[in-house]
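Coordinates in review
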Amino acid sequence: MTLVTATERPARGAPRTEGDRRPSGQGAWFLVLPALIPILVLSVGPLLYGILLAFTDAQSGRTRATQWIGGLNFQDLLHDTLFWESFRIGLVWAVGVTVPQFLLALGLALLLDQDLKLRWLARALAIIPWAMPEVVVGVMWRLVYNPDAGVLNETLRTLGLGDGRDWLSGLSTALPAVIVVGVWAGMPQTTVTLLAGLQNTPRELHEAAAMDGAGAWRRFRTVTWPALRPVALAITALNFIWNFNSFALVYVLTSGGPGGRTRLPMLFAYEEAFRYGQFGYAAAMGLVMVAVVSVLLALFLTGRLKGGDQA
């Protein structure tokens, strides 16, 4: 007969230890499974299928079976000047939207963090663009940029600054005009994130710095920014990814025109897949975009993190 001593079994009513509360391996997998299945089905599965598709000659409307062609799609991409031009435009768009978006959102977050009258109303109004679908935002800004009766051109005519112009059809104005819309549409999300980071900064640090005679800029540089820096780094990286992968907003505004001046890589891949039916070639484009953006983000994050460690 096996005797169970008091040291082997806790007394009745004694608190359970962390080991007693920890679920077993099978129990943990059972708890994670409901969240894991949608990720596998909706994210990992399509990603693996897209990678596989990039090494085939898959096309729409084909009667013969899809063939495995290895890296032939990637060889064609190396010589596809239109794709690399769209990639350059995508980088210009992503940086041109992400940087002003962050700077304006930081200023707005600092303002909304102050003890102002009707601050709740200002915060509610600041997130309105975030609540609007991208298609609605694109249609609204098309009306703003309308060359005949748009708000922008009417304002310029009223101020005597010219007769206006067709902003979305001009070769030199289309991309800057679209960038303005991208900044306006994405700024609320960045503002909310930075505002949450500001509110987590201990007020005692600001009060202590003020008592030491530090001005507003010095308090921001020595107290606010060090506390906000991890949040700022994360939202900047995410914004760059989201902006580079933009599709709906630019598609509604310009459809990639005029003359391909706003044809982002996602638009180019979309046209190859669903206009010309080159599914394998479009999948190879997507794989190249993922690889290049991942490398750029790794370099950016590594440099920023090293800079933070040295500071």
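Below is a short write-up of the structure.

1. Comments concerning the overall build of the chain
For the chain, the helix and strand inventory stands at 14 helices and 0 strands. Secondary structure of the chain in N-to-C order comes out as α-α-α-α-α-α-α-α-α-α-α-α-α-α. Residue burial in the chain is summarised as follows: out of 311 residues, 33% are buried. The long-range share in the chain, meaning contacts at least 24 apart out of those at least 6 apart in sequence, stands at 66%. Entry remark: accessible area of the chain is about 19,300 Å², with carbon and sulfur atoms responsible for 65%.

2. Considerations on the nonpolar core
Counting residues in each nonpolar core, the largest one holds 42 residues, and the members touching the most others are Leu77, Phe83, Trp93, Tyr145, Val181, Leu253 and Met285. Elements represented by at least two residues in this core include exactly helix 3 (72-78), helix 4 (81-112), helix 7 (134-144), helix 9 (174-199), helix 11 (216-244), helix 12 (248-253), helix 13 (265-275) and helix 14 (279-310). In contact with leucine 253, not counting residues within four places along its chain, are Gly138, Trp141, Arg142, Leu168, Val178 and Val181.

3. Some thoughts on the packing of aromatic side chains
Under the definition given, this model contains 18 aromatic pairs. Look at phenylalanine 55 and phenylalanine 74: their rings are 5.2 Å apart centre to centre, the planes differ by 50°, and that puts the pair in the tilted class. Remark: phenylalanine 74 occurs in helix 3 and phenylalanine 55 occurs in the loop between helix 2 (25-53) and helix 3; sequence separation between them is 19 residues. Residue classification places phenylalanine 55 among the partly exposed residues on the basis of a relative accessible area of 25%. One aromatic cluster in this structure is built from Phe83, Trp84, Phe87, Phe240, Phe244 and Phe268. Above the ring of tryptophan 167, the side-chain terminus of arginine 165 is found at 5.6 Å from the ring centroid.

Rules used in this analysis
Residues numbered from 1 in each chain as written. Predicted model: local features only at pLDDT ≥ 70, side-chain atom pairs only at ≥ 80, totals over all residues. Heavy atoms only, no water. Helix = DSSP H or I, 4+ residues; strand = E, 2+ residues; numbered from the N terminus. Buried < 20%, exposed > 50% of the residue type's maximum accessible area, 1.4 Å probe, protein only. Contact = heavy atoms within 4.5 Å. Areas by Shrake-Rupley, 256 points an atom, 1.4 Å probe, with all protein chains shown as cover. Core = buried A, V, L, I, M, F, W, Y, C linked by side-chain atoms within 4.5 Å. Phe/Tyr/Trp six-rings, centres within 6.5 Å; stacked < 30°, edge-to-face > 60°. Lys NZ or Arg CZ within 6 Å of the ring centre and 35° of its normal.

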